[in-house]
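# Descriptive structure summary
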Amino acid sequence: MSTQNNPNQGYNSTPDLTEEEVQRISDGFKIISMKMKNAATGEVLWQCDDWNLREGEVKDVRFPKKILECSEVSRELVFQSGEEIKYFQLLQRIKFHGQEIESLYFRFGFVIPGSTNSWDQVIYADTEGMMPAEVLSGNLVVETLFMSGDTVVHRSFYRIFYE
């Protein structure tokens, strides 16, 4: 999977947001659904239409083992925002037994206030270094930081199990 060390490199950071502005963005932000597909075939491998996580909540997610066989996975996030977000981006930290083993970074850009958006991302797998599903299952936690520039406006966690 792809890794980018400096998420703000080449990107204008949001001028400092006040605590009130961050709270308004967070209160108006909601993930509606998430879908994972084999990017090569378009086959839907996993879908959740009730994804919205509260800040700090850890959700258990059950992915099919065959998702680990894909060299590329397409992820579709559908989200709503009540507020304008100037430089919307997402940073994910993947942790195995609590130790970060990978990070993923994606830019969306400008989010219109009061909008519903669909965001597709392609995640490239490290097919040579992939650990078996039995080793990963229940031991991977993904921390997702939704940001306006370099300011975190929402943080969520999910634990991955493979079936």
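Note that the coordinates shown come from a computational prediction; the quantities given were computed from them, not determined experimentally.

Conventions used here
- Residues numbered from 1 in each chain as written.
- Predicted model: local features only at pLDDT ≥ 70, side-chain atom pairs only at ≥ 80, totals over all residues.
- Heavy atoms only, no water.
- Helix = DSSP H or I, 4+ residues; strand = E, 2+ residues; numbered from the N terminus.
- Buried < 20%, exposed > 50% of the residue type's maximum accessible area, 1.4 Å probe, protein only.
- Contact = heavy atoms within 4.5 Å.
- UniProt positions renumbered as here; feature names shortened; annotations may be inferred.
- Arc of directions from axis to C-beta.
- Polar contact = N/O pair within 3.5 Å; in protein donor to acceptor, adjacent residues only side chain to side chain.
- Pairing = 2+ DSSP bridges.
- Axes fitted to C-alpha atoms, helices over the stretch in contact; angles between N-to-C directions.

We now examine the side chain of threonine 151. Inspection of the secondary structure assignment puts threonine 151 in strand β9 (residues 151-162). Residue class for threonine 151 comes out buried when judged on its relative accessible area of 18%. With near-sequence residues (within four places) excluded, threonine 151 lies in contact with Leu17, Val22 and Phe146.

Mapped onto this numbering, the UniProt entry annotates "domain: GMP phosphodiesterase delta subunit" (unreviewed entry) at residues 24-162. In the segment residues 24-162, helix accounts for 6% and strand for 63%; the C-alpha atoms at its two ends are 36 Å apart.

Of the residues making up helix α1 (residues 19-28), those classed as buried are Val22, Ile25 and Ser26. The arc that holds the buried residues of α1, viewed along the axis, is 100°, so those residues lie on one side. Residues of α1 that are exposed and angled more than 90 degrees away from the buried face: Glu20 and Asp27.

Tracing the backbone through its elements, the reader meets serine 26 in helix α1. A distance of 3.1 Å separates the side chain of serine 26 from the backbone oxygen of valine 153, its partner in a polar contact. Residue contacts for serine 26: discarding those within four places in its chain leaves Glu55, Val153 and His154.

What follows covers the pairing of strand β3 (residues 58-63). Across the two faces of β3 the burial differs, with Lys59, Val61 and Phe63 buried and Val58, Asp60 and Arg62 not buried at all. Relative to β9, β3 is paired through six bridges, and the arrangement is parallel. Across the sheet, residue valine 61 finds its bridge partner in β9, namely isoleucine 160.

Its identity as a non-glycine residue notwithstanding, histidine 97 has a phi of 50°, on the positive side. Locating histidine 97 in the fold gives a position in the loop between β5 (85-96) and β6 (99-111). The class for histidine 97 is exposed, based on a relative accessible area of 57%.

Turning to the sheet that holds strand β1 (residues 29-38), a few remarks are in order. The four strands are arranged β2-β1-β4-β7 in an open sheet whose pairing can be described as antiparallel. Both edges of this open sheet fall to β2 (44-48) and β7 (115-124), since each of them pairs with a single strand only. Adjacent strand axes in the sheet meet at a mean angle of 15° when their direction is disregarded. Relative to strand β4 (residues 72-81), β1 is paired through nine bridges, and the arrangement is antiparallel. Note that in β4 the partner of lysine 30 across the bridge is glutamine 80. Across the sheet, α1 touches β1 and β4, and the angle it forms with β1 is around 55°.

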